[in-house]
Amino acid sequence: MKRPVATSVLEVAGGQKAGPDGFVRLAVDDRIWICLALGCAKGLQDFLSVWADGSDICMALGAPVKGVRFIASLPMKRNAYPSVSKNHAPALRLERALRDLKGIEPQGLPDHRPWIDHGKWPSSPKGRQKELPRPAAPYTFLPSEGEGLHQIPVGPVHAGIIEPGHFRFTANGEAVVRLEERLGYVHKGIEALCTGADIATAARIAARISGDSTIAYSYAFALAVEATLGWRPPPRAKLLRGIMAELERLSHHINDVGGICNDASVVVLHAHCTLLREEILQTAMQCFGHRMMMDVIVPGGVTQDLLPEDAGRIESLLDRCLERFEAVVRVYDEAPSLQDRTVTTGYVSQELATQYAAGGYVGRASGRNFDTRKSYPYAPYDHLDVGVAVRAEGDVDARVWVRIEEVRSSVKLIRGMLKKLEPGPIMAKATTLKAGTGAAMVEGFRGDVFIALRLDETGRVSGFHARDPSWFQWPLLEAAIEGNIVADFPLCNKSFNCSYSGHDM
Amino acid sequence: MRSLLLRSLLQGSAVIAPPKPGEAAMAELAEELGAQAQRRLGRSLAIREVDAGSCNGCELEIHAINNPVYDIERFGLKFVASPRHADVLLVTGPVTWNMREALERTYAATPSPKWVVALGDCAFNCSVFAGSYACAGAVKDIIPVDLHIPGCPPPPLDILKGLLALVAHAEG
């Protein structure tokens, strides 16, 4: 085999036509596969995900500048393929998980420690190709050597009301030398549960991959199914989806700003932000019948229509929220005790954010100018002007300001969408079922949610893969805390607000 | 900062009127709780939250009962950082195999008398995750449960009503 060289996916398949889901499909051999991984490492394209589809291994890639995405597939040989993370580190945890869950061997994988498999499952994951040796307990953490180092183990059960995960800090006095995460505690076997399920059941499961991003996941799942079946949701449904997605973003961004202030001990701002969030959730309940709007977005459209008086309710909510949120922002901007905690804390470099193709506020606060709504627009954002908030500083403060600016732009977007709403159906007519594949990417509040699925001719899901933005953000949190003091970890962690459930699946 | 603080003081309270303890919760507790455990804790219960596999939807609504609208602390209910300080374990999620041991150890670390509240549909019967190789079962399959609060996720008012029923019982 000729020596692989870093290659741009645009060079390999740039001229090819994208499928109805917006992804260009290309079949590759071992060499091109490695060339593409090397291209990711060189920054020629974004690495979006890696997963198994039957006997093929698939890799999703993105070229946001050109607005094109690709899915490269390679037939595996005896359940093995050339590891991506051997050349491009951001794929590492995904490949370790692939090995645990599917029994697939990424050849040349740099780290053979199990990731999701804690050695506790009484039976093999459904769909695992071959038996691996059970993980040896206890888990070996990476070594840190030096004088005066001590370890602080935290979790899986944390002190606050948050999800479970283990953090192993190595510190010298107050300064953190290394943080290593151990995740997988809330692994529920979602890919296996969706495989073989009918579309409606899989949609309900997808809505519960990460409860805080329930809209984003339902949205991505619906888009992937619709692309596979050639199903077109009515225009009103598209706008209602956008309104719900922005309400979800608003509720979390406001809550996160409050949460960060709370971790810096300015409790009054937190109280104001939780009140705003509560108003948003109550309005969502009145308008869409569920505080988090769970299961309202389904393949084919949406299940709840927005009544004219409810549209007015949302309008007045936005007016009140924005005014009160700006009061919180003024205090945040002027309080030296807050700035002292957030400025320069938890720094992530632009190089790392770009290498990991970090989505959401984590990437944008470190200068990565990417937002799915703008780079790979989907309905209704293809007809809207989405402003992307980018900052260069890469610290906790920058992640707060990206959120603040996105709250402002979400308010604008919702107002615009409400104006465009015209009476009409909210569900498309039933479509004929057929076999096929589809993928979708949606900008959740946290970043880009990616779903790829396969349907069989009876309309059952025969392959399912979901990749949360957290996969590429968790590793950056390890980098962000380095050199900071232990007491600033909650602040850094809250500014990332990664999903455990979305990652563990 | 000052103008916001002043406004916070002047704008009046956002808090809702205290709801009655939930009837279904009272009925379940009447069956579950022994009389001798009552009267032990006065009007105050310390709660330790344990996510044993949830999608984090339930956690968001548990956060909400701490906001100024529901203001759970006015009822003597307080979330604490350690099971050693807790009277109540508030458990969410289908219990995953990967969290089972942590849940059992948290239960063992909680001093008696103690109560367990299983929150959400997953905690009750694993909901959409039932039958997965990765789920060990509902909360009651792993540790004894005194009260279930159903919902996906249960709205804050339902959580409040359930917990108030627990306080009423602990009071005797």
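See above for the structure.
None of these values were measured; they are calculated from a predicted model.

**Things to note about the overall build of chain A**
Here's step 1: Scanning chain A from terminus to terminus reveals 17 helices and 14 strands.
Here's step 2: Over its C-alpha trace chain A gives a radius of gyration of 22 Å, about what one expects of a compact globule, namely 23 Å for 505 residues.
Here's step 3: When the backbone C-alpha atoms are referred to their principal axes, chain A occupies close to 65 × 65 × 45 Å.
Here's step 4: The contacts of chain A with a sequence gap of at least 6 include a subset with a gap of at least 24, amounting to 69%.
Here's step 5: Total accessible area on chain A is roughly 18,100 Å²; 53% of this is exposed by carbon and sulfur atoms.
Here's step 6: The average position of the 58 basic charges and that of the 59 acidic charges among the side chains of chain A differ by 5 Å.

**Some remarks on the environment of Lys238(A)**
Here's step 1: Looking at the secondary structure, you find Lys238(A) in helix α7 (residues 235-263).
Here's step 2: Lys238(A) has contacts with Tyr219(A), Pro233(A), Ala379(A) and Pro380(A), leaving out every residue within four places of it along the chain.

**As for a nonpolar patch on the surface**
All names here are of chain B.
Here's step 1: Judged by side-chain polarity, Leu6, Leu9 and Leu10 come together as a nonpolar surface patch covering roughly 380 Å² of accessible area.
Here's step 2: With respect to the helices and strands, leucine 9 occurs in helix α1 (residues 2-10).
Here's step 3: The class for leucine 9 is exposed, based on a relative accessible area of 69%.

**Observations regarding the packing of aromatic side chains**
Here's step 1: Inspection of the entire model under this criterion finds 16 aromatic pairs over all chains.
Here's step 2: Ring geometry for Tyr378(A) versus Tyr381(A): centroids 5.2 Å apart, planes at 75°, classification edge-to-face. The two residues Tyr378(A) and Tyr381(A) agree in class, both being buried.
Here's step 3: Above the ring of Tyr381(A), the side-chain terminus of Arg373(A) is found at 5.7 Å from the ring centroid.
Here's step 4: The residue whose ring lies beneath Lys140(B) is Phe124(B), and the NZ or CZ to ring-centre distance is 5.4 Å.

**Here's the deal with the pattern of salt bridges**
Here's step 1: In the structure shown here, the tally under the stated rule is 39 salt bridges over all chains.
Here's step 2: For Arg204(A), the salt bridge identified is with Asp295(A), shortest N-O distance 3.2 Å. On the criterion of sequence distance, the pair formed by Arg204(A) in helix α5 (residues 199-206) and Asp295(A) in the loop between α8 (267-288) and β10 (297-298) is long-range, its members being 91 residues apart.
Here's step 3: One salt bridge connects Arg100(B) with Glu104(B), and the closest N-O pair in it is separated by 3.0 Å. On the criterion of helical spacing, the pair formed by Arg100(B) and Glu104(B) is a turn pair, its members being four residues apart in helix α4 (residues 97-109).
Here's step 4: Relative accessible area serves as the criterion here: at 26%, Arg100(B) is assigned to the partly exposed category.

**Some remarks on helix α15 (residues 470-481) of chain A**
Here's step 1: Between its first and last C-alpha, α15(A) extends 16 Å over twelve residues, near the 16 Å set by a 1.5 Å rise per residue.
Here's step 2: In terms of residue burial, α15(A) counts as a mostly covered element, since eleven of its twelve residues are buried.

**So, the environment of Glu104(B)**
Here's step 1: A relative accessible area of 30% places Glu104(B) in the partly exposed class.
Here's step 2: For the pair formed by Glu104(B) and Ile143(B), sequence separation is 39 residues and the distance between their alpha carbons is 7.0 Å.

**Comments concerning the interface of chain B and chain A**
Here's step 1: With 49 residues of chain B at the contact, the number on the chain A side is 58 residues.
Here's step 2: Inspection of the region where chain B meets chain A yields three salt bridges.
Here's step 3: Joining chain B to chain A, the criterion identifies 21 residue pairs in polar contact (both at pLDDT 80 or more).
Here's step 4: Of all the secondary structure elements, the ones that give two or more residues to the side of chain B that touches chain A are α1, β1 (45-51), α3 (57-64) and α4 of chain B.
Here's step 5: A breakdown of the residues in the side of chain B that touches chain A according to their chemical character gives 29 nonpolar, 13 polar and seven charged.

**Considerations on the nonpolar core**
Here's step 1: Counting 157 residues, the largest nonpolar core has Trp33(A), Phe221(A), Leu247(A), Phe288(A), Ile314(A) and Phe464(A) as its most contacted members.
Here's step 2: Phe221(A) has contacts with Ile199(A), Ala202(A), Ala203(A), Ala206(A), Pro299(A), Ile451(A), Leu453(A) and Phe464(A), leaving out every residue within four places of it along the chain.

**What about the sheet that holds strand β2 (residues 46-53) of chain A?**
All names here are of chain A.
Here's step 1: Taking strand neighbours across the sheet as the criterion, the four strands line up as β1-β4-β3-β2 in an open arrangement whose pairing is mixed. What marks the edges here is a single partner per strand, and that holds for β1 (23-27) and β2. Recorded for the sheet is a direction-independent mean angle of 20° between the axes of neighbouring strands.
Here's step 2: In terms of strand pairing, β2 meets strand β3 (residues 56-63) through seven bridges, oriented antiparallel. Along β3, the bridge assignment pairs phenylalanine 47 with leucine 61.
Here's step 3: Together, β2, β3 and β4 (68-75) form the strand contacts of helix α2 (residues 30-41), whose direction differs from that of β3 by roughly 35°.
Here's step 4: Across the sheet, helix α3 (residues 92-102) touches β2 and β3, and the angle it forms with β2 is around 10°.

**Points about the packing of α3(A) against α15(A)**
Residues and elements named next belong to chain A.
Here's step 1: Running from N to C, α3 and α15 point in directions that differ by 120°, and their axes come no closer than 9 Å. The angle between α3 and α15 falls in the class oblique. For the pair formed by α3 and α15, the contact residues are Arg93, Leu94 and Ala97 on the first element and Trp471, Phe472, Trp474, Pro475 and Glu478 on the second.
Here's step 2: By residue class, the composition of the contact of α3 with α15 is six nonpolar, no polar and two charged.

**A look at the pairing of strand β8 (residues 166-172) of chain A**
Consecutive side chains of a regular strand alternate in pointing toward one face of the sheet and then the other.
Residues and elements named next belong to chain A.
Here's step 1: Most of β8 is tucked away, with six of its seven residues classed as buried.
Here's step 2: Here five bridges tie strand β7 (residues 150-154) to β8, and the two strands are oriented antiparallel to one another. Bridge pairing in β8 links isoleucine 152 to phenylalanine 169.
Here's step 3: Relative to strand β9 (residues 175-182), β8 runs antiparallel, the two being bridged by seven bridges. Following the sheet pairing, phenylalanine 169 is matched in β9 by leucine 179.
Here's step 4: Taking the residues between adjacent antiparallel strands as the criterion, β8 and β9 are bridged by two residues, where glycine 173 takes a positive phi near 65°.

**Digging into the sheet that holds strand β13 (residues 448-455) of chain A**
All names here are of chain A.
Here's step 1: In spatial order, the strands read β12-β13-β14; together these three strands make up an open sheet with antiparallel pairing. Of all strands in the sheet, those with a lone pairing partner are β12 (436-443) and β14 (461-467), marking the two edges. Ignoring which end each strand starts from, the neighbouring axes of this sheet average 10° apart.
Here's step 2: Relative to β14, β13 is paired through six bridges, and the arrangement is antiparallel. Paired with leucine 453 across the two strands is phenylalanine 464, which belongs to β14.
Here's step 3: Its contacts with the sheet put helix α6 (residues 214-229) on β12, β13 and β14, and the angle it makes with β13 is roughly 40°.

**Side note on the packing of α8(A) against helix α9 (residues 308-334) of chain A**
Residues and elements named next belong to chain A.
Here's step 1: At their nearest, the axes of α8 and α9 sit 10 Å apart, and the two run at 170° to each other. Taken together, α8 and α9 sit at an angle that is classed as roughly antiparallel. Of the residues in α9, those touching α8 at Leu269, His272, Cys273, Leu275, Leu276, Glu279, Ile280, Thr283, Gln286, Cys287 and Phe288 are Asp310, Arg313, Ile314, Leu317, Arg320, Cys321, Arg324, Phe325, Val328, Val331 and Tyr332.
Here's step 2: For the contact of α8 with α9, a count of residues per class yields 14 nonpolar, three polar and five charged.

Parameters and conventions
Residues numbered from 1 in each chain as written. Chains lettered and ligands numbered in written order. Predicted model: local features only at pLDDT ≥ 70, side-chain atom pairs only at ≥ 80, totals over all residues. Heavy atoms only, no water. Helix = DSSP H or I, 4+ residues; strand = E, 2+ residues; numbered from the N terminus. Rg over C-alpha atoms; globule rule 2.2 N^0.38 Å. Contact = heavy atoms within 4.5 Å. Areas by Shrake-Rupley, 256 points an atom, 1.4 Å probe, with all protein chains shown as cover. Lys, Arg positive; Asp, Glu negative; His and termini not counted. Charge placed at Lys NZ, Arg CZ, Asp CG, Glu CD. Patch = residues over 30% accessible without salt bridge, like charges linked within 9 Å, V, L, I, M, F, W, Y side chains within 5 Å. Salt bridge = Lys/Arg side-chain N within 4 Å of Asp/Glu carboxyl O. Buried < 20%, exposed > 50% of the residue type's maximum accessible area, 1.4 Å probe, protein only. Phe/Tyr/Trp six-rings, centres within 6.5 Å; stacked < 30°, edge-to-face > 60°. Lys NZ or Arg CZ within 6 Å of the ring centre and 35° of its normal. Expected span 1.5 Å × (residues − 1). Polar contact = N/O pair within 3.5 Å; in protein donor to acceptor, adjacent residues only side chain to side chain. Nonpolar A, V, L, I, M, F, W, Y, C, P; charged D, E, K, R; others polar. Core = buried A, V, L, I, M, F, W, Y, C linked by side-chain atoms within 4.5 Å. Pairing = 2+ DSSP bridges. Axes fitted to C-alpha atoms, helices over the stretch in contact; angles between N-to-C directions. Parallel < 35°, antiparallel > 145°, perpendicular 65-115°, else oblique.

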